[in-house]
Amino acid sequence: DYLEKMLGDSADKHFQELQALKAAHTKHADALSKQGKDAGAALAQHASVAERIAYLEQLLGDSADRHAAELEALKTAHELHSKELSVFKDAHGRLLAESKAQGAKHLSTAERLDL
């Protein structure tokens, strides 16, 4: 009787521990499965590294193209202003020469009094 009681209590105790272990395992497996799904959903929402690099390359390429166009426009405007400045310098030189020639033609006050 004593031996049967001890073995029965031990078997019941092992059965309860086994059931608790199975329940803990199921709970852990469910939590892990849920976390896996959440992580998968989060990763699906984020752009991949390749997509990010492609976006940055496009952004930088567009910016470089725009800067190249602006630089070309500035070069063209600079060339035009340089030509205009050259024309103004030439005109100024001619006017200065004409002014000196006119000044040479005019008599000074002393020269006028001597006449």
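Residues numbered from 1 in each chain as written. Predicted model: local features only at pLDDT ≥ 70, side-chain atom pairs only at ≥ 80, totals over all residues. Heavy atoms only, no water.

1. Observations concerning the overall build of the protein
For step 1, the next point in the chain: What the protein contains, in helices and strands, is 3 helices and 0 strands.
For step 2, the next point in the chain: Whereas a compact globule of 115 residues would reach a radius of gyration of roughly 13 Å, the protein reaches 49 Å, over 25% beyond that.
For step 3, the next point in the chain: Its C-alpha atoms give the protein principal-axis dimensions of about 165 × 30 × 15 Å.
For step 4, the next point in the chain: For the protein, the proportion of its 115 residues judged to be buried stands at 1%.
For step 5, the next point in the chain: As displayed, the protein has an accessible area near 10,800 Å², and 62% of this comes from carbon and sulfur atoms.
For step 6, the next point in the chain: Side-chain charges in the protein split into 15 positive and 19 negative, and the spacing between the mean points of these groups amounts to 6 Å. (Helix = DSSP H or I, 4+ residues; strand = E, 2+ residues; numbered from the N terminus. Rg over C-alpha atoms; globule rule 2.2 N^0.38 Å. Buried < 20%, exposed > 50% of the residue type's maximum accessible area, 1.4 Å probe, protein only. Areas by Shrake-Rupley, 256 points an atom, 1.4 Å probe, with all protein chains shown as cover. Lys, Arg positive; Asp, Glu negative; His and termini not counted. Charge placed at Lys NZ, Arg CZ, Asp CG, Glu CD.)

2. Considerations on the pattern of salt bridges
For step 1, the next point in the chain: Considering all chains together, one arrives at 1 salt bridge under this definition.
For step 2, the next point in the chain: With its nearest N and O atoms 3.7 Å apart, the salt bridge here joins K83 to E79. Of the two residues, K83 and E79 are both situated in helix α2 (residues 49-105); the distance of 4 residues between them amounts to about one turn of the helix. (Salt bridge = Lys/Arg side-chain N within 4 Å of Asp/Glu carboxyl O.)

3. Considering the confidence of the model for the protein
For step 1, the next point in the chain: Per-residue confidence for the protein averages 85 on the pLDDT scale, and 91% of its residues sit at or above 70.
For step 2, the next point in the chain: Across the protein, element-level confidence peaks in α2 with a mean pLDDT of 91 and bottoms out in helix α3 (residues 109-114) with 72. (pLDDT = per-residue confidence, 0-100.)

4. With respect to a nonpolar patch on the surface
For step 1, the next point in the chain: A contiguous nonpolar surface patch, about 310 Å² in accessible area, is contributed by Y55, L56 and L59.
For step 2, the next point in the chain: With respect to the element layout, Y55 can be found in helix α2. (Patch = residues over 30% accessible without salt bridge, like charges linked within 9 Å, V, L, I, M, F, W, Y side chains within 5 Å.)

5. Quick word on the environment of A64
For step 1, the next point in the chain: Inspection of the secondary structure assignment puts A64 in helix α2.
For step 2, the next point in the chain: Given a relative accessible area of 44%, A64 falls into the partly exposed group.
For step 3, the next point in the chain: Residues A64 and A50, spaced 14 residues apart in sequence, show a C-alpha to C-alpha distance of 21 Å.

6. Brief notes about the environment of D12
For step 1, the next point in the chain: Tracing the backbone shows D12 in helix α1 (residues 2-45).
For step 2, the next point in the chain: Classification of D12 by relative accessible area gives partly exposed; the value is 47%.
For step 3, the next point in the chain: Counting along the chain gives 88 residues from D12 to K100, while the straight-line C-alpha distance between them is 128 Å.

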